[in-house]
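What follows is the residue order along each chain.
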Amino acid sequence: MSGNEGNIAKHVEAIIASGLSIFDVLAKDSLLHIPTKELERILDAGLRGFSTAGMPLRTRSKVVKSEVCRILGYPIPKSFRKCRPHARFPGQNFDTYVQASNNLQVWNEELQPRRRYVLVAVGKDGCVTRVKVITGAMLAKLDTTGTLTQKYQARFVPGEIPVELISTMDTEHLMPLIGSATCPPQGKPTDDPVRGLVMPIQSVFHHLKSLVGCSFANAGFDQERNRGAELHRLVCRALGYQSYADDGQFPDVCNQLLEVKLQTSPTIDLGLVEPASKEPLDLNDFPEGTVRHCDVRYAVFGAEHLGDHVKLTRLVLTTGEMFFSRFLRFEGRVLNKKLQIPLPQGFFGKAKG
């Protein structure tokens, strides 16, 4: 049995043994809680190839939910009631959406930052091709239509010097994960952090400040996501990674607990969770609460357009805890209606064989 198969069996067996239903809310430190990446692996392995051919939409939705219960080891309820503000699967804090297209529709509610959204892709033949699990905080980043107003925003006002280290020390809470200043990164940028191998914030600053003055090709004023990917690539290289990887999750460089922002305008979009939040990050290899949002490091790069290039002109590095000591926060409107979020091309990736 592979490691992944062992983890799947471990979670399912524990849930079956507990006798709990999907409606029983778990304690924050419950060992029955399935981390997001593991939840995706379990549901992708269990649902891929499952046929919904010929089913009406409501029937298809209920059948998929029932199959999800079976895969996770929960008893299948007669109905999937929803008690606001909880999800339809409150025991694991997620909702399911069956996607025959890339247009995700969320009806009559705001996105919840920590809720997981299980997106089930089905092909033209009605069979499940892939399952992706994403948090509400990350789903908010995918909205490019303006239908979803970011809840938290801040203003970037350039300082007197081009590079600023706001937090000279990492948060005390994060210190057990911090390694030496010279420890090189291990694994991929998208991997979970490794205890004792997370660079100190001063070391991160030393690596990243060299990027100020660098330029990269400008993908266009309407290509913010692509410009961000180019910066992300430069950041990975500067930190010492052998390759670039981006899974669209928070934070951008999960292995170093680093979120990267590219600012060609003064407004910083922060999504549904403010940097100073003490809410826990959902990490596969750590108990919930080991790392909080406020422990994450934020690298905010100021930039300007120079014809067909973007030039990095400034860097501010801070912990989430100290973020608003440097940046002015303001809040946008909250929408409460149907949200239509176009999932980007390639969101589900290639179907696995």
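A short tour of the structure in this document, coming up.

Turning our attention to the environment of H309. For H309, the position within the fold is in strand 11 (residues 309-319). Each C-alpha atom, one on H309 and one on F216, is 5.5 Å from the other, the two residues being 93 residues apart in sequence.

Turning our eyes to something else, we now look at empty space enclosed by the protein. One pass over the structure, following the stated rule, counts two cavities of 30 Å³ or more. Roughly 100 Å³ of volume is contained in the largest cavity. Lining the largest cavity are A137, M138, K141, F250, E259, K261, L270, G271, V273, H293 and Y298. Mapped by element, the contributors of at least two residues to the lining of the largest cavity are helix 4 (136-139), strand 8 (258-263) and strand 9 (267-271). Looking at the lining of the largest cavity residue by residue, the class counts come to six nonpolar, two polar and three charged.

If you walk through the whole model with that rule in mind, you get 14 salt bridges. Measuring nitrogen to oxygen at the nearest pair gives 3.8 Å for the salt bridge that ties R130 to D44. One end of the pair, R130, is in strand 4 (residues 128-135); the other, D44, is in helix 2 (residues 36-47), with 86 residues separating them in the sequence. Judged by its relative accessible area of 13%, R130 falls in the buried class. The shortest N-O distance in the salt bridge between R292 and D295 comes to 3.0 Å. A residue is classified by how much of its surface remains accessible, and R292, at 15% relative accessible area, is buried. D295 gets classed as buried once you look at its relative accessible area, which sits at 0%. One salt-bridge network, in which partners are shared between bridges, spans D44, R48 and R130.

The rules behind each value
Numbering of residues starts from 1 in each chain and follows the order in which that chain's sequence is written. In keeping with the model being predicted, local features are shown solely for residues with a pLDDT of at least 70 and side-chain atom pairs are shown and tallied solely at 80 or more, while totals for entire chains, interfaces and linings include all residues. The basis for every side-chain value is the complete set of non-hydrogen atoms in the structure, without hydrogens or water. The helix and strand labels rest on DSSP assignments: H or I over at least four residues marks a helix, E over at least two residues marks a strand, and numbering proceeds from the N terminus. With a 1 Å grid spanning the protein atoms alone, the term cavity applies to any set of points in which a 1.4 Å probe fits but cannot get out, the term pocket to an open set with protein on both sides within 12 Å along at least five of seven lines, and the term lining residue to any residue with an atom within 4 Å of a point. Grid points are joined across faces, edges and corners, and a volume is the space filled by probe spheres set on the points. We call Asp, Glu, Lys and Arg charged. Ala, Val, Leu, Ile, Met, Phe, Trp, Tyr, Cys and Pro are nonpolar, and the rest, Gly among them, are polar. Salt-bridge detection follows one rule: a side-chain nitrogen of Lys or Arg within 4 Å of a carboxyl oxygen of Asp or Glu. Relative accessibility decides the category of a residue: with a 1.4 Å probe and only protein chains considered, values under 20% of the type maximum give buried, values over 50% give exposed, and everything between is partly exposed.

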